[in-house]
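Chain by chain, the residues:
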Amino acid sequence: KVQHSSAIKKKKGRRYCCGYPISIFFIVVNEFCERFSYYGMRAVLVLYFRYFLLWDDDLATSIYHAFVALCYLTPILGAIIADSWLGKFKTIIYLSIVYAIGQVTMAISTIHDITDANRDGTPDNFTFHIALSMLGLILIALGTGGIKPCVAAFGGDQFQEHQSRQLNTFFSVFYLCINAGSLLSTLITPLKSVASTLMVFIAGSGMYVKTDPEGNIMWSVCKCIGFAIKNRFRHRSSSYPKREHWMDWANEKYDKLLIAQIKMVLKVLFLYIPLPMFWTLFDQKGSRWTLQATTMSGDFVSILISTVNPILILTLVPIMDRLIFPLIQKCGLNFSPLKRMTVGMLFAAMAFVSAALVQIEIDKTLPNFPSSSESQLKVVNTYSTTLNVTISPNEHLLIESFGSSADYVTFDHQDITVSLNTNPVITKAFSLIKGGRQTLIIPSDPTVMRDFVLRHGEQWCEFSRKFGFGASYTFLIPSTVFSDDCESITEVEDMKPNSVHMALQIPQYFLITTGEVMFSVTGLQFSYSQAPKNMKSVLQAGWLCTNAVGNIIVLIVAELGKLPKQWAEYLLFASLLVAVSIIFSIMAYFYTYIDPAEIEAQVRKEQGLEPEEMEKETLEMEEKDEDQKNEQGVKQTKI
Ligand SMILES: CC(C)[C@H](NC(=O)[C@H](C)N)C(=O)O
């Protein structure tokens, strides 16, 4: 009873502005700062692995996805701590401290001076840096994941049951803040933002509605489900009458209300089963699509990649909320949350079809590299005259002085003999590398070795043209060249620059972000609205877990299903998501939307309300009245 009155007292502190509790301002700003810190760190994580820890592309990508998966698995832990022990408010505070320690640990791990005794610019003890960064990443995952289900659910707790319209707007604004944080993190250093996250959150302390933890709810749920399964098994003989739901086999031992709540949660969790496939495609923006961009032309690669998604979210969420969804409703169509999510999945699949088309364009322009049984050779002539080069048995090349063969010549054997029409004729045998590309340079005569420095800023020779992305060049510098004799330096293009422009990636980003707005924003709202009051964080955690599983699928598919062509892999993912969205739409068709509070009230009524509950409900009714008056600007001095 004492606990109950304190909860009511806290609720009375609720203050409003334009119909919204003021406390949510602190919550959305807190989310903004947190995402700012998270995405700022994540944006450079692969580069840190690649260029500081010197890992290869595959290891860097795998550890990156493993970290993202961990960030979306730890919400389960955060939800358990919040719902059964500390409550959401304290969980957010404590785990934010863990988060901040993680960021500091990670920052320290990037200081190479700590182990760089010989001052050569690279760390001497990689094990130390790897261990420290892994510890930092685990703490960050624990912090960011742990608070994630609590912050969204805590925001939702600030509203009352009759404020469903405001609640939906809150989730949209919440999503906007995630993306504003993500966008700004690419432009400003995120170092101090975890501290700001904590300070902003604490600043609103006096205004929050803080619901007390309701005991170890997860443990009770597991015990209740375990009992229902055991009891069902014990009564498996057909002589026992069937029950409406398998959870009803827990009736003998557990409270009807708990059983009803578990049924609601299980229904939603069952619906979540196909959802990870969306995240499998969505999170490849940060890996496969980034790598695709590196094979394209355009100078704004990093800016495009890290900003296009949040910019589109900031534009699309208001357009969808204020224009598209109301318009669809006006047309008399029922665009329910689960339908929106299905359409979101189809948009993501279309994004991957678009990525496949772009990939086909890129593949047309990529150099034709040798297969594992072939070898390739390019011949460069630095001799003073044009040469006729014969490569056994029947390859004839005419190469002018300071020129090269037009392209690499492919051989399906490795032993070759090269003859030059010099006087006397020069013939030499070579053994080429299998699966490799090599260049044969015919030296000038007489051969004089000398150094020539091409220095940026104070070059001896200036080259006005810009080198293209993805290109590779060889410079032929005559032995007689002097600093003012730039004309005699010849440039040979070994590999053509990328020619497909990055702007071609915009449609796929647009499609996937439209999908994200329909799928992710709606899913967040849906998970909150369909959860019983005491299991809101649990269901938020379940929702975030679908993201973790999606990242694990990327890891598995990337490792196991190596398709020879990248465009084929994109199409495979698109088809898988279409198949999954069809399954999801069938499951959604059979799902009935519920009002958890109504079901709980009904079960309580069936059980016969206890006097305590009666009192609580009366107080809540009174409070609802007061809040409604507050919203209308009527000043209430006394209830
Ligand atoms: C993982 C979620 C979808 C969400 N991400 C985004 O909104 C991105 C930046 N568009 C998040 O909670 O970080």
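Residues numbered from 1 in each chain as written. Predicted model: local features only at pLDDT ≥ 70, side-chain atom pairs only at ≥ 80, totals over all residues. Heavy atoms only, no water.

### Regarding the site of the ligand
- Around the ligand, the surrounding shell holds 13 residues, and the nearest of these are Arg-35, Tyr-39, Asn-179, Asn-309 and Glu-516.
- Separating an oxygen atom of the ligand from a side-chain N or O atom of Tyr-175 is a distance of 3.3 Å.
- The separation between a nitrogen atom of the ligand and a polar side-chain atom of Asn-179 is 2.7 Å.
- Expressed as a share of its isolated accessible area of 360 Å², the protein-covered part of the ligand is 94%. (Near = heavy atom within 4 Å. Polar contact = N/O pair within 3.5 Å; in protein donor to acceptor, adjacent residues only side chain to side chain. Areas by Shrake-Rupley, 256 points an atom, 1.4 Å probe, with all protein chains shown as cover.)

### Details of the pattern of salt bridges
- Inspection of the entire model under this criterion finds 8 salt bridges.
- As a salt-bridge pair, Arg-288 and Glu-569 come within 2.9 Å of each other at their nearest N and O atoms. Here Glu-569 lies in helix H17 (residues 566-589) and Arg-288 lies in helix H12 (residues 288-293), a separation of 281 residues in the sequence.
- Looking at Glu-569, the relative accessible area reads 4%, which means it is buried.
- Where Lys-364 meets Glu-361, a salt bridge forms, and the shortest distance between an N and an O atom there is 2.9 Å. Residue Lys-364 and its partner Glu-361 are located together in helix H14 (residues 337-365), separated by 3 residues, close to a single helical turn.
- What makes Glu-361 partly exposed here is its relative accessible area of 35%.
- A cluster of three or more residues bridged by salt bridges with shared partners is formed by Glu-31, Glu-34, Arg-35 and Lys-148. (Salt bridge = Lys/Arg side-chain N within 4 Å of Asp/Glu carboxyl O. Helix = DSSP H or I, 4+ residues; strand = E, 2+ residues; numbered from the N terminus. Buried < 20%, exposed > 50% of the residue type's maximum accessible area, 1.4 Å probe, protein only.)

### Focus: the nonpolar core
- Phe-67 and Trp-543 are the most contacted members of the largest nonpolar core, which totals 117 residues.
- Excluding its chain neighbours within four sequence positions, the residues that come into contact with Trp-543 are Tyr-272, Leu-275, Trp-279, Met-341, Phe-519, Ser-520, Gly-523, Leu-524 and Ser-527. (Core = buried A, V, L, I, M, F, W, Y, C linked by side-chain atoms within 4.5 Å. Contact = heavy atoms within 4.5 Å.)

### Notes on the packing of aromatic side chains
- For the coordinates displayed, the defined rule picks out 31 aromatic pairs.
- Here the aromatic rings of Phe-89 and Phe-154 are separated by 6.3 Å at their centres, their planes lie at 40°, and the arrangement is tilted. Placement of the pair is Phe-89 in helix H5 (residues 75-109) and Phe-154 in helix H6 (residues 126-157), with a sequence separation of 65 residues. For the pair formed by Phe-89 and Phe-154, the shared burial category is buried.
- A centroid spacing of 5.4 Å and a plane angle of 85° characterise the contact between Trp-279 and Phe-282, whose relative ring orientation is edge-to-face. Of this pair, Trp-279 and Phe-282 are both found in helix H11 (residues 276-282), 3 residues apart, which corresponds to roughly one turn of the helix.
- The exposure class assigned to Trp-279 is buried, which follows from its relative accessible area of 5%.
- Phe-282 sits in the buried class, given a relative accessible area of 8%.
- An aromatic cluster is defined as three or more aromatic residues linked by ring pairs; in this entry it consists of Tyr-20, Phe-159, Phe-170, Phe-171, Phe-174 and Tyr-528.
- Over the ring of Tyr-51 we find Arg-50; its NZ or CZ atom is 5.5 Å from the centre of that ring.
- Its end group placed over the ring of Phe-282, Lys-285 keeps NZ or CZ at 4.2 Å from the ring centre. (Phe/Tyr/Trp six-rings, centres within 6.5 Å; stacked < 30°, edge-to-face > 60°. Lys NZ or Arg CZ within 6 Å of the ring centre and 35° of its normal.)

### Comments concerning the pairing of strand S5 (residues 395-399)
- Across 5 bridges, strand S4 (residues 387-391) lies against S5 in antiparallel orientation. Counterpart to Leu-387 in the pairing with S5 is Ile-399. (Pairing = 2+ DSSP bridges.)

### Regarding the packing of helix H9 (residues 217-234) against helix H10 (residues 256-272)
- The geometry of H9 relative to H10 is characterised by a closest axis approach of 11 Å and an angle of 90° between their N-to-C directions. In terms of orientation, H9 lies roughly perpendicular with respect to H10. Residue-level contacts link Ile-217, Ser-220, Val-221, Cys-224 and Ile-225 of H9 to Leu-258, Ile-259, Ile-262 and Leu-266 of H10.
- Within the contact of H9 with H10, the residues separate by chemical class into 8 nonpolar, 1 polar and no charged. (Axes fitted to C-alpha atoms, helices over the stretch in contact; angles between N-to-C directions. Parallel < 35°, antiparallel > 145°, perpendicular 65-115°, else oblique. Nonpolar A, V, L, I, M, F, W, Y, C, P; charged D, E, K, R; others polar.)

### So, the confidence of the model for the chain
- Residue-level pLDDT values for the chain average 82, and 84% of them are 70 or greater.
- Low pLDDT, under 50, characterises residues 1-12; the stretch is placed with 17 contacts to residues that sit more than four places away or in other chains.
- Low pLDDT (under 50) marks residues 446-452, which in the prediction has 9 contacts with non-local residues, meaning those over four places away or in another chain.
- This prediction of the complex comes with two scores: 0.76 for pTM and 0.96 for ipTM. (pLDDT = per-residue confidence, 0-100.)

### Details of the environment of Leu-555
- Tracing the chain through its elements places Leu-555 in helix H16 (residues 536-560).
- Along the sequence, Leu-555 and Leu-176 sit 379 residues apart, while their C-alpha atoms lie 29 Å from each other.

### Some words on unusual backbone geometry
- At the junction of Asn-423 and Pro-424, the peptide bond is cis and its omega measures out at 0° in the coordinates.
- Mapped onto the elements, Pro-424 comes out in the loop between strand S8 (415-420) and strand S9 (426-431).
- Not every positive phi belongs to a glycine, and Leu-54 is a case in point at roughly 60°.
- Within the secondary structure layout, Leu-54 lies in the loop between helix H3 (45-52) and helix H4 (57-71).
- Look at Leu-54 and you get exposed, because its relative accessible area is 53%.
- At Phe-402, a residue that is not glycine, the phi angle is positive and equals roughly 55°.
- Secondary-structure assignment places Phe-402 in the loop between S5 and strand S6 (403-404).

### Concerning H10
- The terminal C-alpha atoms of H10, which comprises 17 residues, lie 25 Å apart, in line with the 24 Å expected from a rise of 1.5 Å per residue.
- Those residues of H10 not exposed but buried are Leu-257, Leu-258, Ile-259, Ala-260, Gln-261, Ile-262, Met-264, Val-265, Val-268, Leu-271 and Tyr-272. (Expected span 1.5 Å × (residues − 1).)

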